[in-house]
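Here are the chains, one letter per residue:
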2 protein chains.
Amino acid sequence: MILNEIPLMFSKACEYGIRATVYIALQSLEGRRVIVNEIAKEIDSPIAFTAKILQQLSKSKVIHSVKGPTGGFEIERNNMNTVKLSMIVHAIDGDDIYVGCGLGLKECNASRPCPLHDKFIDIRNDLRSMLENTSLYELATGLEVGLTYLKR
Amino acid sequence: MILNEIPLMFSKACEYGIRATVYIALQSLEGRRVIVNEIAKEIDSPIAFTAKILQQLSKSKVIHSVKGPTGGFEIERNNMNTVKLSMIVHAIDGDDIYVGCGLGLKECNASRPCPLHDKFIDIRNDLRSMLENTSLYELATGLEVGLTYLKR
DNA sequence: ATTTATTAGGATAAAGTTGTCCTTTATTTT
DNA sequence: AAAATAAAGGACAACTTTATCCTAATAAAT
């Protein structure tokens, strides 16, 4: 019997958030504004939960929301370059990824490192630099096959 | 408002498990068998929850338990070399760390990778190799200051 | 043999994450 | 102006993880 199902790297909320943002970006590149129902259907995520996440991303200016008929979500072409994966993750999961010892040791720091300290730091820095260096545009256009990839 | 508090790398259960195992190893090197209450106190973890985790580690043969008075937990000196960090993690968190796309994309694989596929693979492989190459002995004796480090 | 100390294990509670539903607010269309 | 459409947001339900408590099983000490 195993106690846990730990997330591989991100929470579900964050996964949905990234997938949704990429979908919105792809559609915005086609000049289409998209509504939650469509997004959730296309990325295969729970609608209402996705709506919550989109609210957060909207507040964080990662995406832009428009109310009313013909409304929905969109992302300006310019923002696709400035928005990095790290901003999406931060808006949803916070910046926990960056802090603390992997073993939860409070005394562990650079001057008195635990045996795994440097390894943890390296791995986390790799993750961090990937998140900070990957733009939304790069991520969206890198999905050659496009939409099909967003379904899980 | 942020939805989540995602674990940095391991679950709480796994963190406690690693810290507890290291503590047991350190005490075993001194010839001392230790009881749950002491372990939990020294690694600053909840007693009953720690007991559950120790049960799992005991079943998985990572640690050895002895019932009754003078009983407690211990680890044979020989086992400290064969027990790797990966075994502790596996016993508690399972091997989720190793599977699936970081974005939760089901179509993502080596032949049709998502834009982050290789980066995810690299990071995860680094983590995996760290876990598989770090022995309990190395981990325990690497903690020069010993016990103080295990408190959080 | 009885008592005592300790792990094993079941039941359950608390907290956190994920997911749903319904009402309110904003905006467009008619 | 009224109706319709969509996001915003509050309340809450389900599930998972974390945590506690109590009893049973085991084994040493008396």
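Our structure is the block above this text.
Everything numeric in this text was worked out from a predicted model, so none of it was measured.

1. Observations concerning the overall build of chain A
Argument step 1. The helix and strand tally for chain A stands at seven helices and two strands.
Argument step 2. The linear arrangement of helices and strands in chain A, starting from the amino end, is α-α-α-β-β-α-α-α-α.
Argument step 3. By the burial criterion, 49% of the 152 residues in chain A qualify as buried.
Argument step 4. Contacts in chain A between residues far apart in sequence, at least 24 positions, make up 69% of those at least 6 positions apart.

2. So, the packing of helix α1 (residues 12-29) of chain A against helix α3 (residues 47-59) of chain A
Residues and elements named next belong to chain A.
Argument step 1. Packing of α1 against α3 leaves a shortest axis separation of 10 Å and a crossing angle of 75°. Viewed along their axes, α1 and α3 adopt a mutual orientation that is roughly perpendicular. Across the interface between the two elements, A13, Y16, G17, A20, T21 and I24 from α1 touch F49, I53, L54 and L57 from α3.
Argument step 2. Here the residues of the contact of α1 with α3 sort into eight nonpolar, two polar and no charged.

3. Considerations on a negative patch on the surface
Argument step 1. A surface patch of like charges, here negative, comprises D118, D122 and D126 of chain A together with D118, D122 and D126 of chain B.
Argument step 2. Of all the secondary structure elements, the ones that give two or more residues to the negative patch are α6 (117-133) of chain A together with α6 (117-133) of chain B.
Argument step 3. Of note, D118 of chain A is situated in helix α6.

4. Focus on the nonpolar core
The nonpolar side chains of a soluble globular protein tend to be buried, and buried together.
Argument step 1. Core analysis: the largest hydrophobic core is formed by 88 residues, its most contacted members being I18 of chain A together with I18 of chain B.
Argument step 2. Among all residues touching I18 of chain B, those that are not within four sequence positions of it are L103 of chain A together with F10, L85, I88, V89 and L139 of chain B.

5. Observations concerning the environment of S129 of chain B
Argument step 1. Locating S129 of chain B in the fold gives a position in helix α6.
Argument step 2. Residues S129 of chain B and S86 of chain B, spaced 43 residues apart in sequence, show a C-alpha to C-alpha distance of 8.7 Å.

6. Focus: the packing of helix α2 (residues 36-43) of chain B against helix α3 (residues 47-59) of chain B
Relative orientation and spacing of two packed helices are given, respectively, by the angle between their axes and the distance between those axes.
Residue and element names in this part refer to chain B.
Argument step 1. The interhelical angle for the contact between α2 and α3, taken along N-to-C directions, is 110°, at an axis separation of 9 Å. Classified by the angle their axes make, α2 and α3 are roughly perpendicular. The handedness of the crossing between α2 and α3 is right-handed. Residue-level inspection shows V36, N37, I39 and A40 of α2 in contact with α3, the latter providing I47, T50, A51 and L54.
Argument step 2. Class assignment for the residues of the contact of α2 with α3 results in six nonpolar, two polar and no charged.

7. Considerations on unusual backbone geometry
What you tend to see is this: most non-glycine residues have negative phi, and most peptide bonds are trans.
Argument step 1. Although it is not a glycine, K61 of chain A sits at a positive phi angle of roughly 65°.
Argument step 2. Of note, the phi angle at T70 of chain B is positive, near 70°, even though the residue is not glycine.
Argument step 3. If you trace the backbone, T70 of chain B turns up in the loop between β1 (64-66) and β2 (72-74).
Argument step 4. T70 of chain B sits in the exposed class, given a relative accessible area of 71%.

8. Examining the side chain of S28 of chain B
Residue and element names in this part refer to chain B.
Argument step 1. Secondary-structure assignment places S28 in helix α1 (residues 12-29).
Argument step 2. There is a polar contact of 3.0 Å between the side chain of S28 and the backbone nitrogen of I75.
Argument step 3. The residues touching S28, leaving out its near neighbours within four places in the chain, are E74, I75 and M80.

9. A look at the pattern of salt bridges
For side chains of opposite charge, pairing can occur when their charged atoms come near one another.
All names here are of chain A.
Argument step 1. Tallied over the full model, the rule gives six salt bridges over all chains.
Argument step 2. Between R19 and E15 there is a salt bridge whose closest N-O contact spans 3.8 Å. One end of the pair is R19 and the other is E15, both in helix α1 and four residues apart, which spans about a single turn.
Argument step 3. Owing to a relative accessible area of 1%, R19 belongs among the buried residues under this scheme.
Argument step 4. E15 sits in the buried class, given a relative accessible area of 6%.

10. Some words on the packing of aromatic side chains
Argument step 1. Counted by the stated rule, this structure contains three aromatic pairs over all chains.
Argument step 2. Seen from their ring centres, F10 of chain A and F120 of chain B are 6.2 Å apart, and the 75° between their planes marks the pair as edge-to-face. Note that F10 of chain A is positioned in the segment before α1 and F120 of chain B in helix α6, a pairing that runs across two chains. Comparing F10 of chain A with F120 of chain B shows no difference in burial state: the two are buried.
Argument step 3. Between Y16 of chain B and F49 of chain B the ring centres are 5.9 Å apart and the planes differ by 85°, which places this aromatic pair in the edge-to-face class. One end of the pair, Y16 of chain B, is in helix α1; the other, F49 of chain B, is in helix α3, and 33 residues separate them in sequence.
Argument step 4. Stacked on the ring of Y137 of chain A, the Lys or Arg R77 of chain A has its end atom at 3.8 Å from the ring centre.

How each quantity is defined
- Residues numbered from 1 in each chain as written.
- Chains lettered and ligands numbered in written order.
- Predicted model: local features only at pLDDT ≥ 70, side-chain atom pairs only at ≥ 80, totals over all residues.
- Heavy atoms only, no water.
- Helix = DSSP H or I, 4+ residues; strand = E, 2+ residues; numbered from the N terminus.
- Buried < 20%, exposed > 50% of the residue type's maximum accessible area, 1.4 Å probe, protein only.
- Contact = heavy atoms within 4.5 Å.
- Axes fitted to C-alpha atoms, helices over the stretch in contact; angles between N-to-C directions.
- Parallel < 35°, antiparallel > 145°, perpendicular 65-115°, else oblique.
- Nonpolar A, V, L, I, M, F, W, Y, C, P; charged D, E, K, R; others polar.
- Patch = residues over 30% accessible without salt bridge, like charges linked within 9 Å, V, L, I, M, F, W, Y side chains within 5 Å.
- Areas by Shrake-Rupley, 256 points an atom, 1.4 Å probe, with all protein chains shown as cover.
- Salt bridge = Lys/Arg side-chain N within 4 Å of Asp/Glu carboxyl O.
- Lys, Arg positive; Asp, Glu negative; His and termini not counted.
- Charge placed at Lys NZ, Arg CZ, Asp CG, Glu CD.
- Core = buried A, V, L, I, M, F, W, Y, C linked by side-chain atoms within 4.5 Å.
- Left-handed = near helix turned anticlockwise from the far one by under 90°.
- Polar contact = N/O pair within 3.5 Å; in protein donor to acceptor, adjacent residues only side chain to side chain.
- Phe/Tyr/Trp six-rings, centres within 6.5 Å; stacked < 30°, edge-to-face > 60°.
- Lys NZ or Arg CZ within 6 Å of the ring centre and 35° of its normal.

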